[in-house]
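Summary of structural features
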Amino acid sequence: MRIRDWTVQFSVLLLFGIGAYAAELRAPDHVKAGTTFTITSSGSGGGTFYLFGPASAVKRKVDSGSEIAVQSEEVEHAGRYTAVLCGSECTATHFYVQAADPERLSFLVHPSRVPVDDPNAMSAVALVFDQFHNLIQQPQSVTFSIIPKSGSAVTEERRSDQGIAWVRLSSGRREGPTKIAASVGKNDEEIRIVQQIASDACNLRMRPEWVSNKFFVETDPVRDCSGNNVPDGTVVSFTMTDSNGKTTVDVPIKKGIAKVEMPISGSARITVASGVVTGNELNVAGR
Amino acid sequence: MKARRKILGGIAVLAGLIVIAGIGSSPVVRAAEGIPQVELNADNLAPRPIEELTSKVVPRDYAHAWQTLAEALDGNRADLLNAYFTGLAKENFTSKIADQKRTGLHTHFVDHGHKLDGVFYAPAGDAMQLRDQARLEVQLLDGTKVVHSETLTQNYIVLMTPGADRWLVRDLEPVQGQQ
């Protein structure tokens, strides 16, 4: 009889304890980043509310049995959140915050210098984010553009996959800075500058010149196949073969041409090259 | 008789309080020693094929990142993030640690491993996106009091970029289920 009394007392106490302290929390399954909402709590008496998120941790006193307001700035980061309410006992619930609308891009373009007229020489990668820098995983339409210094822009559209859209781009035929842009929706474009530089020399030609009994060889203006000037500093190699053997002189292009004095005795054959490109040959005789 | 009943009643009250107190405070789980296990499946990685060395370095550095993250969130030490985190990931965890420090909270977890799936490897090799399925035991603490504990499988979308001598975690977002 006494044991039964004790058991009854203990059971009632246990049930009372659980009933009194197991406040329940209810949160929406999904919340859009940066929006205010409420978490409903049951139970009675005050408590401490915690909100653990991917980039935040919140702790504050609340009244149980009421709605707990979660401020927009407390849920700016997408991901899983755990809300906990502690009185004498703690109870928890989870919810996911989803990214807000697309607003900005993180934009990577490579390389920063590219030869002209090179197919698929550039790659552009755009990561789509909302205003809070949450990656937007739902497919979005991203517009890539090449905006040359002169002439009209060329655009290509790509759907993002898990937050990323990318495209390969070919360089144009004219040297100089070119803008590569990407945009999502009606938001501002992200722009990167790529310097298009002349490609390898094309139709490399040199001519002989005697000045005060000194022999010089001089190239015509060195251009690539699209007519762009090959940059100054690019090396042009002149090779002379005569009865003494072979002599090579490397000369950087200066003001668009390469020029060098070569001492000639007897007859000699001179060739010119720049990189893998060879030019014309000269057969000369000394004076 | 009455005295014995009073004593028994007192014992019952005490037992009840012990039970209730026990519900509210679970024992703190111990941190796993060493770095977590990370498996990388690069079969679906595109458009750039992964280099052999990169396929070894990425899971190694990702494992180190999680190891340092566990220490940083448990000890509220944002300085630990410098080694393997950069960009948004570093900013976000630094912000979380600042909040935890201010409120006396910390997050403790035991890492039971990660399954990484390569999703995207940029043509220039300067960014890699992966999906991670992590198995974690998490405890949320207010001082020494465990306010919540759970064991869960959590999916993450991960962005890693190469640094001077390692791959760094640039973005680490928890996502719901398979997408």
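Source: prediction; values computed, not measured. The written sequence of each chain sets the order in which its residues are numbered from 1. Chain A is the first chain written and ligand 1 is the first ligand written, with later ones labelled in order. The model is predicted, so local features are restricted to residues of pLDDT at least 70 and side-chain atom pairs to those at 80 or more, both for listing and for counting; the totals for chains, interfaces and linings are taken over all residues.

Secondary structure counts use DSSP, requiring at least four H or I residues in a row for a helix and at least two E residues in a row for a strand, with both numbered from the N terminus. Scanning chain A for helices and strands turns up 1 helix and 25 strands. By the compact-globule yardstick of 19 Å for 287 residues, chain A is too spread out, its C-alpha radius of gyration being 37 Å. By the convention adopted here, residues are in contact when the distance between their C-beta atoms, placed from the backbone, does not exceed 7 Å. Of the contacts made within chain A by residues no fewer than 6 positions apart, 56% connect residues no fewer than 24 positions apart. In this description the radius of gyration comes from C-alpha coordinates, and the expected globular size is given by 2.2 Å times residues to the power 0.38.

A separate point is the sheet that holds strand 1 (residues 25-26) of chain A. All names here are of chain A. Read across the sheet, 3 strands follow the order 1-3-6 without closing on themselves; strand pairing throughout is antiparallel. Strand pairing shows two members of the sheet lacking a second neighbour, strand 1 and strand 6 (67-70), which therefore form its edges. The sheet contact formed by strand 3 (residues 37-41) and strand 6 spans 4 bridges and is antiparallel. Residue pairing in the sheet places Thr 40 in a bridge with Glu 67 of strand 6. Strand pairing is assigned whenever DSSP detects at least two bridges linking the two strands.

Residue and element names in this part refer to chain A. Domain annotation of chain A identifies domain 1 (2-98), domain 2 (102-197) and domain 3 (201-285). For domain 2 and domain 3, the distance between their C-alpha centroids amounts to 41 Å. Counting from both sides, the interface comprises 6 residues of domain 2 and, opposite them, 4 residues of domain 3. Looking at side-chain class alone, the side of domain 2 that touches domain 3 contains 2 nonpolar, no polar and 4 charged residues. Note that the domain bounds reflect an automated or database-derived domain assignment. In this count, Pro and Cys sit with the nonpolar residues alongside Ala, Val, Leu, Ile, Met, Phe, Trp and Tyr, while Asp, Glu, Lys and Arg are called charged and the others, Gly among them, polar.

Within soluble globular proteins, side chains that are nonpolar tend to cluster in buried spots. Structurally, a nonpolar core is described as a collection of buried Ala, Val, Leu, Ile, Met, Phe, Trp, Tyr and Cys residues joined by way of C-beta atoms within 7 Å. Think of it as a crowd count around each C-beta: if 20 or more other C-beta atoms lie within 10 Å the residue is buried, if 12 or fewer it is exposed, and in between it is partly exposed, with C-beta placed from the backbone throughout. Within the largest apolar cluster, 91 residues are counted, with the highest numbers of intra-cluster contacts made by Ala 124 and Ala 126 of chain A together with Met 160 and Val 169 of chain B. Here this core gets 9 residues from one element, more than from any other, and that element is helix 2 (residues 52-75) of chain B. Looking at this core, you find at least three residues from each of domain 1 (2-98) and domain 2 (102-197) of chain A. If we ignore the near neighbours within four places in the chain, the residues touching Val 169 of chain B are Tyr 62, Ala 65, Tyr 84, Phe 85, Ala 89, Val 158 and Met 160 of chain B. Residues Met 206, Val 217, Val 236 and Met 240 of chain A belong to the second largest nonpolar core, which totals 16 residues.

Before going further, it helps to spend a moment on the environment of Pro 54 of chain A. Counting through the fold element by element, Pro 54 of chain A comes out in the loop between strand 4 (46-52) and strand 5 (57-63). Under the C-beta neighbour-count criterion, Pro 54 of chain A is labelled buried, with 22 such atoms within 10 Å. Remark: the alpha-carbon pair of Pro 54 of chain A and Ser 152 of chain A, spanning 98 residues in sequence, is separated by 44 Å. Setting aside residues no more than four positions away along its own chain, Pro 54 of chain A makes contact with His 77 and Gly 79 of chain A together with Asn 92, Glu 173 and Pro 174 of chain B.

All right, on to the pairing of strand 15 (residues 176-184) of chain A then. All names here are of chain A. Direction of pairing for strand 12 (residues 141-147) relative to strand 15: antiparallel, over a ladder of 6 bridges. Looking at strand 15, one finds that Val 142 is bridged to Val 184. Alignment of strand 15 against strand 16 (residues 190-197), held across 7 bridges, turns out to be antiparallel. Pairing of Gly 176 across the sheet is with Gln 196, part of strand 16. The hairpin turn running from strand 15 into strand 16, its antiparallel successor, is 5 residues long, and Gly 185 in that turn takes a positive phi close to 60°.

In this analysis, the expected span of each helix is defined as 1.5 Å times one less than the number of residues it contains. Relative to the 24 Å expected for 17 residues at 1.5 Å per residue, helix 3 (residues 87-103) of chain B spans 25 Å between its end C-alpha atoms, a close match to the ideal helical length. Within helix 3 of chain B the residues assigned to the buried category are Leu 88, Ala 89, Asn 92, Phe 93, Lys 96, Ile 97, Asp 99 and Gln 100 of chain B. For helix 3 of chain B, the angular spread of the buried residues around the axis is 160°, confining them to a single face. Elements that come into contact with the buried residues of helix 3 of chain B comprise strand 5 of chain A together with helix 2, strand 3 (105-121) and strand 6 (167-175) of chain B. Throughout, the arc means the angular range of directions from the helix axis out to the C-beta atoms.

With that settled, the discussion passes to the sheet that holds strand 11 (residues 122-130) of chain A. Residue and element names in this part refer to chain A. The strand order across the open sheet formed by 3 strands is 9-11-14, and the pairing between neighbours is antiparallel. Taken across any chain shown, the strands that pair with only one partner, and hence form the sheet edges, are strand 9 (102-110) and strand 14 (164-169). Shown here is a sheet whose adjacent strand axes are inclined to one another by a mean of 20°, direction ignored. In this structure, strand 11 lies alongside strand 14, joined through 6 bridges in antiparallel fashion. Bridging across to strand 14, Leu 127 finds its partner in Ile 164. Only the contacting stretch of a helix is used when fitting its axis, a line to C-alpha atoms as for every element, and angles between N-to-C directions run 0 to 180 degrees.

The next thing to look at is the pairing of strand 1 (residues 38-41) of chain B. Residue and element names in this part refer to chain B. Every second residue of strand 1 is oriented toward a common face, the buried set being Val 38 and Leu 40 and the non-buried set Glu 39 and Asn 41. Alignment of strand 1 against strand 3, held across 4 bridges, turns out to be parallel. Bridging from a neighbouring strand, Leu 40 pairs with Leu 116 of strand 3.

Moving on: helix 2 of chain B. One turn of the α-helix equals 3.6 residues, which is why residues spaced by three or four share an orientation. If you check helix 2 of chain B, its first and last C-alpha atoms are 36 Å apart, about what 24 residues at 1.5 Å a residue would give, namely 34 Å. Positive backbone phi, at 50°, marks Asn 76 of chain B, one or two positions downstream of helix 2 of chain B.

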